[in-house]
Amino acid sequence: MDSRFLQTYVHVVELGSIAQAARHQGLTPATVQQRLRALEADMGSALIARSGRTVKPTAAGTRILERARNLLRDLRDLRSAATESDLPAGPLRLGATPTALTGIMPPVLRAWAARHPHIEIYIEPAPTTLLYGKVLAGELDGALLVHPLFAIPKSCVWRDLRREPLVLVTPADMIVRDPLAVIRREPYIRYDRSVVGGRMADDYLRARDLRPQVRFELDGIDSIAKLVSEGLGVALLPDWATTGVSAPVKRWPLPAPCPVRTVGAIWPRSGVRSELMRVFVALAESDTAAR
């Protein structure tokens, strides 16, 4: 059995489309179909049911799916362990929230490429909740994300990288003398209350009996900052890291006590590529300390 064919099958099931799986793997749809046929012939069972442009696993395909994922994970671990260098072989499968990806990671990736040019990093951008689940499930070797509002399990390592107090974000030309008065007066863009930072902002307003004039509610700090820069309202956001061009806004400190969001790295304590994560996080800590 060719493990590449098994990986193609998993991608087809996860993406629900032969065309999307082909784009994901840099193959033609015809090649993906050939791989599926070869795998089905090897297994002796149909694994995919086709319905127009969408596909779903058959009963047999569903039964082997989790085993296939585990086998592919074991093969990646085997290849990583089979190296004579000081570090395991890659790729390092790393998750990152959008703000961590644009704010924290660029200088760290630059340092990594200079020191470990032969160790590839696969990066998956996603929200904290999704990344956290993928790290625990072994689908990612680690992630840069927001510390959840509960304890990290002992099976994982956590390292703080950045503490981000809540700030008032306004258009660049707005002068603020009383942040709470501005929140009462101006249209308000609410940070999604289903994420950690949004929940902190909502709790801060509730504690001060503030009921702003909510105009929009959405996730995505950079997206909210863009709306603020266009004069569509003000927002309470964590004081996020930025690299390069960002929306022209001003950030104003809030009256204490002010909630603080912690951004850091999480990875399995005993994973084959845990040493790669430790080295990556050490570079991130050095960069953070130098700023």
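Residues numbered from 1 in each chain as written. Predicted model: local features only at pLDDT ≥ 70, side-chain atom pairs only at ≥ 80, totals over all residues. Heavy atoms only, no water.

Points about the overall build of the protein
Then comes step 1: In terms of regular secondary structure, the protein is built from eleven helices and eleven strands.
Then comes step 2: Structurally, the protein occupies a C-alpha span of about 70 × 50 × 35 Å along its principal axes.
Then comes step 3: Taken across its 291 residues, the protein has 44% of its residues classed as buried.
Then comes step 4: Across the protein, contacts joining residues at least 24 apart in sequence account for 73% of those joining residues at least 6 apart. (Helix = DSSP H or I, 4+ residues; strand = E, 2+ residues; numbered from the N terminus. Buried < 20%, exposed > 50% of the residue type's maximum accessible area, 1.4 Å probe, protein only. Contact = heavy atoms within 4.5 Å.)

Section: a nonpolar patch on the surface
Then comes step 1: Taken together, Met 1, Met 43 and Leu 71 make up a surface patch of nonpolar side chains, about 280 Å² in accessible area.
Then comes step 2: Following the sequence through the fold, Met 1 ends up in the segment before helix 1 (3–15). (Patch = residues over 30% accessible without salt bridge, like charges linked within 9 Å, V, L, I, M, F, W, Y side chains within 5 Å. Areas by Shrake-Rupley, 256 points an atom, 1.4 Å probe, with all protein chains shown as cover. Salt bridge = Lys/Arg side-chain N within 4 Å of Asp/Glu carboxyl O.)

So, the UniProt feature "domain: HTH lysR-type" (unreviewed entry) in the protein
Then comes step 1: Under the present numbering, the feature "domain: HTH lysR-type" (unreviewed entry) in UniProt falls on residues 1–58.
Then comes step 2: Helix makes up 62% of residues 1–58 and strand makes up 14%, while its end C-alpha atoms are separated by 19 Å. (UniProt positions renumbered as here; feature names shortened; annotations may be inferred.)

What about the pairing of strand 8 (residues 213–218)?
Then comes step 1: Looking at chain direction, strand 7 (residues 187–191) and strand 8 are connected through five bridges and run parallel. Its bridge partner being in strand 8, Ile 189 is matched across the sheet by Phe 216. (Pairing = 2+ DSSP bridges.)

Details of the domain arrangement of the protein
Then comes step 1: Domain assignment breaks the protein into domain 1 (3–81) and domain 2 (91–290).
Then comes step 2: Relative to domain 2, the C-alpha centre of domain 1 lies at a distance of 34 Å.
Then comes step 3: Between domain 1 and domain 2, roughly 540 Å² of surface is buried when both sides are summed, and carbon and sulfur atoms account for 46% of that area.
Then comes step 4: Interface area lost by domain 1 to domain 2 is led by Arg 73, Arg 76 and Asp 77, which between them contribute 69%.
Then comes step 5: Along the contact surface separating domain 1 from domain 2 lie zero residue pairs in polar contact (both at pLDDT 80 or more).
Then comes step 6: For the side of domain 1 that touches domain 2, the class distribution of residues is one nonpolar, one polar and three charged. (Domains from an automatic or database assignment. Buried area = accessible area lost by both parts, 1.4 Å probe. Polar contact = N/O pair within 3.5 Å; in protein donor to acceptor, adjacent residues only side chain to side chain. Nonpolar A, V, L, I, M, F, W, Y, C, P; charged D, E, K, R; others polar.)

Details of the environment of Ala 46
Then comes step 1: Its place among the elements puts Ala 46 in the loop between helix 3 (29–43) and strand 1 (48–51).
Then comes step 2: The sequence separation of Ala 46 and Ala 60 amounts to 14 residues, and the corresponding C-alpha distance is 7.1 Å.
Then comes step 3: Beyond its immediate stretch of four places on either side in the chain, Ala 46 contacts Glu 40, Thr 58, Ala 60 and Gly 61.

Some remarks on helix 2 (residues 18–25)
Then comes step 1: Among all positions in helix 2, only Ile 18, Ala 21 and Ala 22 are buried. For helix 2, the buried positions fall inside an angular range of 105 degrees around the axis, keeping them on one side.
Then comes step 2: Among the structural elements, helix 1, helix 3, strand 1 and strand 2 (54–57) are those in contact with the buried residues of helix 2.
Then comes step 3: The distance from a side-chain oxygen at the start of helix 2 to the backbone nitrogen of Ala 19 is 3.2 Å, and the residue carrying that oxygen is Ser 17. (Arc of directions from axis to C-beta.)

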